[in-house]
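A look at the structure
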Amino acid sequence: MPAETSASARVAAASAEFFEDATAQASSGTASARRALARAVEVPSEAASQLRQAKVSLSHAVDGYRKAEASVFLVDPESAAELRAQPDPLRAGTPGARDKTMAELSASLAKMEELLSRPLNQSSAALLLSEAQSAGTKIVELEAGLAGMAGAWADGDEANFRRQFFLASPEDAVARVFQGALAMTGDVLPGMLAGAETNPAEISERLAAVKELYTGSPEAAPDSPSLQLLVQETAPVQAALTRASIARAAALAGVLEISPDNQNLRKELASSLADVTRQLTLAAQSLGIVIVAEE
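Heads up: these notes are all about the structure in this document. (Residues numbered from 1 in each chain as written. Predicted model: local features only at pLDDT ≥ 70, side-chain atom pairs only at ≥ 80, totals over all residues. Heavy atoms only, no water.)

Our next topic: the overall build of the protein chain. Counting secondary structure elements, the protein chain contains eleven helices and zero strands. Helices and strands appear in the protein chain in the N-to-C order α-α-α-α-α-α-α-α-α-α-α. In summary, the protein chain has a C-alpha radius of gyration of 21 Å against a globular reference of 19 Å for 295 residues, a match within 12%. For the C-alpha atoms alone, the extent of the protein chain along its principal axes is close to 70 × 50 × 40 Å. Across the 295 residues of the protein chain, 45% fall into the buried class. Summarising the internal contacts of the protein chain: among those between residues at least 6 apart in sequence, 69% fall at separations of at least 24. A total of about 14500 Å² of accessible surface is found on the protein chain, and carbon and sulfur atoms cover 53% of it. Measuring between centres, the 25 positive side-chain charges of the protein chain sit 6 Å from its 38 negative side-chain charges. (Helix = DSSP H or I, 4+ residues; strand = E, 2+ residues; numbered from the N terminus. Rg over C-alpha atoms; globule rule 2.2 N^0.38 Å. Buried < 20%, exposed > 50% of the residue type's maximum accessible area, 1.4 Å probe, protein only. Contact = heavy atoms within 4.5 Å. Areas by Shrake-Rupley, 256 points an atom, 1.4 Å probe, with all protein chains shown as cover. Lys, Arg positive; Asp, Glu negative; His and termini not counted. Charge placed at Lys NZ, Arg CZ, Asp CG, Glu CD.)

Listed below in structure tokens is the structure:
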């Protein structure tokens, strides 16, 4: 009779599925947007409807990427093999170098749609073609990068990051998920919050991903494998404190979407993110996971 699967192994498998779904959504959405944009150029009579479809598909891709972004922090930065196996196409892990391709593509599609909303003349037609060519180049590159991320998490590939590295050790996988969540709350999100140009929705959606990584999917059964259930077994009070801290930060981020220029709210959210980072660190420590802060 096979041995019962450990709690850590179940959490590792659930986390792998989370990243598989998110990266697949980002990849497929970008591919759909690229096809719609190409059709808009090839068949001018369908340009308006295809651009609308491209916008919807790109939005779907953006949602998936924001959920998947924590995955790029699950690698051992000293391992060239892991870095190759888990690509970071939008440079989320490179301080100060975050790629803005998705935002630029969204702006391009909106600009093309606006140009098509009124009769074209020679000048606007030339501008439309130039915008379409530029967007076409960017979206092909983005599609390739996000396909690489999806490949890292696809189930059934024995040579990808998921199989070779992430699931190789369930206990190590749990530590990696904590490290990914901590990278988001301790580095990525505070950096985004400090940027005045950042859309608050970008923070909300990434925080929602952190919450799901810790508590599990909202649609899942209460006893479904999650980091929270693991922590609850050894430190139930800490498990509850961590969940409450994440929920508070998520709520503040939601309010910031309504009032993006509220500086006091931004400071409160920054403080809340610091508390989430502290609580996640304590939760990891309750499982014997040592979190090493980067200098």
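On to the packing of helix α7 (residues 170–194) against helix α9 (residues 227–234), then. α9 packs onto α7 with a crossing angle of 110° between their chain directions and a minimal axis gap of 11 Å. By the angle class used here, α7 and α9 are roughly perpendicular. Only Leu 227, Leu 230 and Val 231 of α9 make contact with α7, whose side of the interface consists of Val 174, Val 177 and Phe 178. Of the residues assigned to the contact of α7 with α9, the class counts are six nonpolar, no polar and no charged. (Axes fitted to C-alpha atoms, helices over the stretch in contact; angles between N-to-C directions. Parallel < 35°, antiparallel > 145°, perpendicular 65-115°, else oblique. Nonpolar A, V, L, I, M, F, W, Y, C, P; charged D, E, K, R; others polar.)

The terminal C-alpha atoms of helix α4 (residues 101–116) lie 22 Å apart, and with 16 residues this matches the ideal 22 Å at 1.5 Å per residue to within 8%. Listed in full, the buried residues belonging to α4 are Thr 101, Met 102, Leu 105, Ser 108, Leu 109, Met 112 and Leu 115. Buried residues along α4 cover an arc of 150° about the axis, so they all sit on one side. Lining the buried residues of α4 we find α1 (7–42), α2 (47–68) and α5 (122–153). (Expected span 1.5 Å × (residues − 1). Arc of directions from axis to C-beta.)

Our next topic: the pattern of salt bridges. Tallying each qualifying case throughout the model produces 19 salt bridges. Residue Glu 143 pairs with Arg 34 through a salt bridge whose shortest N-O separation is 2.8 Å. Here Glu 143, found in helix α5, pairs with Arg 34, found in helix α1; they are 109 residues apart in sequence, far enough to count as distant. With a relative accessible area of 17%, Glu 143 lands in the buried category. We note a salt bridge from Glu 113 to Lys 55, for which the minimum N-O separation is 2.7 Å. Taken together, the residues Glu 113 in helix α4 and Lys 55 in helix α2 connect sequence positions 58 residues apart. Judged by its relative accessible area of 25%, Glu 113 is partly exposed. Its relative accessible area of 33% is what places Lys 55 among the partly exposed residues. Among the charged side chains, a network of salt bridges with common partners joins Arg 66, Glu 69, Glu 202, Glu 205 and Arg 206. (Salt bridge = Lys/Arg side-chain N within 4 Å of Asp/Glu carboxyl O.)

It is worth spelling out the nonpolar core at this point. Judged by nonpolar contacts, the single largest core of 81 residues is most densely connected at Phe 161, Phe 166, Phe 178, Leu 269 and Leu 280. Broken down by element, this core gets its largest block of residues, 13 residues, from α7. Leave out the neighbours within four places in its chain, and Leu 280 touches Phe 178, Ala 181, Leu 182, Thr 185, Val 210, Tyr 214, Thr 242 and Ile 246. (Core = buried A, V, L, I, M, F, W, Y, C linked by side-chain atoms within 4.5 Å.)

Before going further, it helps to spend a moment on the side chain of Asn 160. Looking at the element boundaries, Asn 160 is found in the loop between α5 and α6 (161–166). What makes Asn 160 buried here is its relative accessible area of 5%. Leave out the neighbours within four places in its chain, and Asn 160 touches Gly 151, Ala 152, Trp 153, Ala 154 and Phe 165.

Another point: the environment of Arg 35. With respect to the helices and strands, Arg 35 occurs in helix α1. Relative accessible area serves as the criterion here: at 47%, Arg 35 is assigned to the partly exposed category. Considered as a pair, Arg 35 and Ile 139 are 104 residues apart in the sequence and their alpha carbons are 9.7 Å apart.

The values are spatial; any link to function lies outside them.
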